[in-house]
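Structural characterization, general
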Amino acid sequence: MQRNVYFMTLPGVMALDLTGPAEALRIAGQFALHYIGPLPEITMSTGLTVSHLQPLPETLPEGSILIMPGVDRSEENFSSPVAQFACDWLRQQKNAIENGLLTLVCICSGSLLAGKAGLLDGYQCTTHHDVIARLRQQVPAAQVKDNRIFVEDRSVLTSAGISAGIDLALHLIATHLGPQAALDVAREMVVYFRRGGDDPQLSPWLRYRNHLHPAVHRAQNLMAAEPESPWQVEDVAARAHISGRHLTRLFRQHLGISVRDYHEQLRIAVAQQRIRQGSGIEKAALAAGFSSARQFRRAQERWNDGVADCKLSNK
């Protein structure tokens with residue numbers, strides 16, 4: 001079943017804040033995209049006109065995602081009658097957000113409008129570095145975080161600017177459709193995963209992708225595509241077109257873990273997924289590349305810092 005996503009589209013909306021996440025969600029194929037706003041036609045930051053916008057509905061369907069893209073940060077776009085009308089409408093969605101019936105996603109300066117509407121009070125959040133101070137001053141009841149790509153706090157998600165909106169969209173795809181779907185979309189869009197390092201809920205497919213080194217990404221992609229394979233450091237390095245010693249050094253420098261540890265976390269995730277799907281522990285362990293359920297258990301015990309716990313039973 002498709003999940004409804006509503007983009008609040010205001011005058012001066014940042015083009016990439018709108019189109020980047022929208023394109024990622026479109027490629028994922030399981031989201032119904034709607035574009036709403038207080039005006040039927042607006043001009044984006046780039047001068048392009050967006051028309052045929054749907055009017056703001058009184059309520060949104062339960063389970064919907066409401067995305068607030070950033071707008072050009074001139075004061076007029078935050079204090080105009082149109083912006084005030086949008087804030088008044090946002091306040092009407094507060095109960096649904098607080099009760100988890102509606103997910104609020106703010107990209108870049110979209111958090112300023114959400115904060116003005118009182119939707120960020122008591123929530124951890126972030127925004128573009130140029131307006132962090134402004135958000136902190138405007139919404140003293142919010143827990144504003146610096147230097148974060150995105151922040152998730154219950155049913156409120158906020159991100160830094162521009163490309164971080166795509167990162168947040170990939171996170172939404174991973175949450176609703178699984179990490180492989182997010183990886184497929186990222187590859188289609190030719191973008192890297194850039195994850196928030198403080199988020200403990202990210203799977204190994206998404207964790208440790210917050211870097212820009214192409215050789216490390218090549219190595220990660222190889223192991224993620226075939227986690228059950230008996231990858232050796234030299235084999236991975238050769239396929240990534242660097243030496244084993246250099247790859248080891250790069251993993252430590254950019255990821256903070258070894259090549260072997262990264263591969264092991266992928267295998268653990270595969271085994272856990274198979275167990276959740278009904279496989280017995282021995283069969284799941286072998287399918288993930290472990291020699292036995294005992295080896296899987298030992299590996300799992302070594303990693304309890306973000307790998308989802310899975311209740312194991314001797315089936």
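For the structure itself, look to the data block above.
Since the structure is predicted, the reported quantities are computational estimates derived from the model, not experimental observations.

Further remarks concern the packing of aromatic side chains. Per the counting criterion, the structure on display carries 3 aromatic pairs. Ring geometry for Phe-290 against Phe-296: centres 5.5 Å apart, planes inclined by 45°, an arrangement best described as tilted. For the pair formed by Phe-290 and Phe-296, the shared burial category is buried. Geometry around Tyr-123 places Arg-154 over its ring, the cationic atom sitting 4.1 Å from the centre.

With that settled, consider the pattern of salt bridges. Tallied over the full model, the rule gives 7 salt bridges. Note that Asp-146 and Arg-136 form a salt bridge whose closest N and O atoms lie 3.2 Å from each other. Placement of Asp-146 in the loop between strand S8 (143-144) and strand S9 (150-153) and of Arg-136 in helix H6 (residues 132-138) is noted, with a sequence separation of 10 residues between them. Its relative accessible area of 42% is what places Asp-146 among the partly exposed residues.

Pairing between sheet strands relies on hydrogen bonds along the backbone, with the strands arranged either parallel or antiparallel. Taking strand neighbours across the sheet as the criterion, the 6 strands line up as S2-S1-S5-S6-S10-S9 in an open arrangement whose pairing is mixed. Looking at the sheet topology across the chains shown, the edges are occupied by strand S2 (31-36) and S9. Strand-to-strand twist of the sheet, defined as the mean angle between neighbouring strand axes without regard to direction, takes the value 15°. Those strands touched by helix H1 (residues 15-28) are strand S1 (3-8), S2, strand S5 (64-68) and strand S6 (102-107), and its axis lies near 155° from that of S2.

The next subject is the nonpolar core. Ile-67, Val-105 and Ile-173 are the most contacted members of the largest nonpolar core, which has 35 residues in total. Those elements giving two or more residues to this core turn out to be S1, H1, S5, S6, helix H7 (164-177) and helix H8 (179-189). Here the element with the most residues in this core is H7; it accounts for 8 residues. Not counting residues within four places of it along the chain, the set of residues in contact with Ile-173 comprises Ala-24, Leu-25, Ala-28, Phe-31, Gly-178, Ala-181, Ala-182 and Val-185. Of all hydrophobic cores here, the second largest spans 34 residues; its members include Leu-102, Ala-117, Ile-132 and Val-144.

Okay, the pairing of S6 next. Across the 6 residues of S6, 6 count as buried, placing the element largely inside the fold. Alternating residues of S6 divide into Leu-102, Leu-104 and Cys-106 and Thr-103, Val-105 and Ile-107, and every residue in both groups is buried. Bridging between S5 and S6 involves 5 bridges; their strand directions are parallel. Across the sheet, residue Leu-66 finds its bridge partner in S6, namely Leu-104. Pairing geometry for S6 and strand S10 (residues 156-159), over 4 bridges, is parallel. When the bridges of S10 are listed, Leu-104 appears paired with Val-156.

A word on the packing of helix H9 (residues 214-225) against helix H11 (residues 244-254). Taken N-terminus to C-terminus, the directions of H9 and H11 make an angle of 95°; their axes are 10 Å apart at the nearest point. Between H9 and H11, the interaxial angle falls into the category roughly perpendicular. Contact with H9, carried on its side by Ala-215, Val-216, Ala-219, Gln-220 and Met-223, involves Leu-247, Leu-250, Phe-251 and His-254 of H11 and no other residues of that element.

Calculation criteria
- Residues numbered from 1 in each chain as written.
- Predicted model: local features only at pLDDT ≥ 70, side-chain atom pairs only at ≥ 80, totals over all residues.
- Heavy atoms only, no water.
- Phe/Tyr/Trp six-rings, centres within 6.5 Å; stacked < 30°, edge-to-face > 60°.
- Buried < 20%, exposed > 50% of the residue type's maximum accessible area, 1.4 Å probe, protein only.
- Lys NZ or Arg CZ within 6 Å of the ring centre and 35° of its normal.
- Salt bridge = Lys/Arg side-chain N within 4 Å of Asp/Glu carboxyl O.
- Helix = DSSP H or I, 4+ residues; strand = E, 2+ residues; numbered from the N terminus.
- Pairing = 2+ DSSP bridges.
- Axes fitted to C-alpha atoms, helices over the stretch in contact; angles between N-to-C directions.
- Contact = heavy atoms within 4.5 Å.
- Core = buried A, V, L, I, M, F, W, Y, C linked by side-chain atoms within 4.5 Å.
- Parallel < 35°, antiparallel > 145°, perpendicular 65-115°, else oblique.

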